[in-house]
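The primary structure of each chain is shown beneath.
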Amino acid sequence: HRAVIVLSVRNRADFEPAVAVFLGLSLLKDGDTLLTHCNAGALAAVQYGTALAPVYVGLERGMRFRIYADETRPLLQGARLTCYELHKAGADVTLLCDGMAARLMQSGEIDAVIVGCDRVARNYDFANKTGTLSLAVNAKYFGVPFYVAAPSPTFDDCCATGADIVIEQRPGGEVTEQFFSSRKAPEGIGVYNPAFDVIPHTLVSAFITEKGVIRLG
């Protein structure tokens, strides 16, 4: 069963409370510790971005969040972009290697995971940067809410399920050489480097859209 909360903004007075729901702030609490992956903030989208929008709006309202940002191998969007913009905004942000996230969830330090997405199928399977699937699986196992910020253009009615999403295989050099001063793996080996993961909808707690929050479950 899926519940959709929809608010309409008819005048300026309605704008602020409506934005709080649209941007997912209603799903978060003051003092929450959040985990995010890749970059879905101001550098990726307009003004507040998508997944980081609740953080920015919350900070403007005096709320306190601690944010852990996966480095997001192999292109390091989390380290290079997310940490940069959150730090510049005065947020409490901590960088971690992608493989360290499960330990944080196991220890009970994460209140919610919030990520962006690139495409959502009709059944709510979605695609996002590689590494997101591991986060979703771990969040489900450890009972951590997993939220996906998805503007309406990312919903693809022509795509029935995640199995219909074609995933690009990126050059191996992104893993073995990029950002290193010298090659860090032997020549002649194979490199598996998909650009995106496809995450089953059964791992998602809710989608955050500009039209409201879509709760799954």
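For clarity, every value in this text was computed on a predicted model and none was experimentally measured.

This next bit is on the overall build of the protein chain. Scanning the protein chain for helices and strands turns up 6 helices and 11 strands. The buried share of the protein chain, reckoned over its 217 residues, is 47%.

Let's shift gears to the environment of L59. Of note, L59 is situated in helix α2 (residues 53–60). For L59, a relative accessible area of 26% translates into the label partly exposed. Separated by 32 residues in the primary sequence, L59 and A91 have C-alpha atoms spaced 7.7 Å apart. Excluding residues within four positions of it along the chain, L59 makes contact with F65 and A91.

We now examine the sheet that holds strand β6 (residues 119–120). Pairing in this open sheet of 3 strands is antiparallel, and the strands run β6-β7-β9 from one edge to the other. Single-partner strands in this sheet number two, and they are β6 and β9 (196–199). Across 2 bridges, β6 lies against strand β7 (residues 126–129) in antiparallel orientation. If you follow R119 over to β7, its bridge partner there is A127. Helix-sheet contacts for helix α5 (residues 132–142) involve β7 and β9, and the interaxial angle to β9 is about 35 degrees.

Scoring rules and cut-offs
- Residues numbered from 1 in each chain as written.
- Predicted model: local features only at pLDDT ≥ 70, side-chain atom pairs only at ≥ 80, totals over all residues.
- Heavy atoms only, no water.
- Helix = DSSP H or I, 4+ residues; strand = E, 2+ residues; numbered from the N terminus.
- Buried < 20%, exposed > 50% of the residue type's maximum accessible area, 1.4 Å probe, protein only.
- Contact = heavy atoms within 4.5 Å.
- Pairing = 2+ DSSP bridges.
- Axes fitted to C-alpha atoms, helices over the stretch in contact; angles between N-to-C directions.

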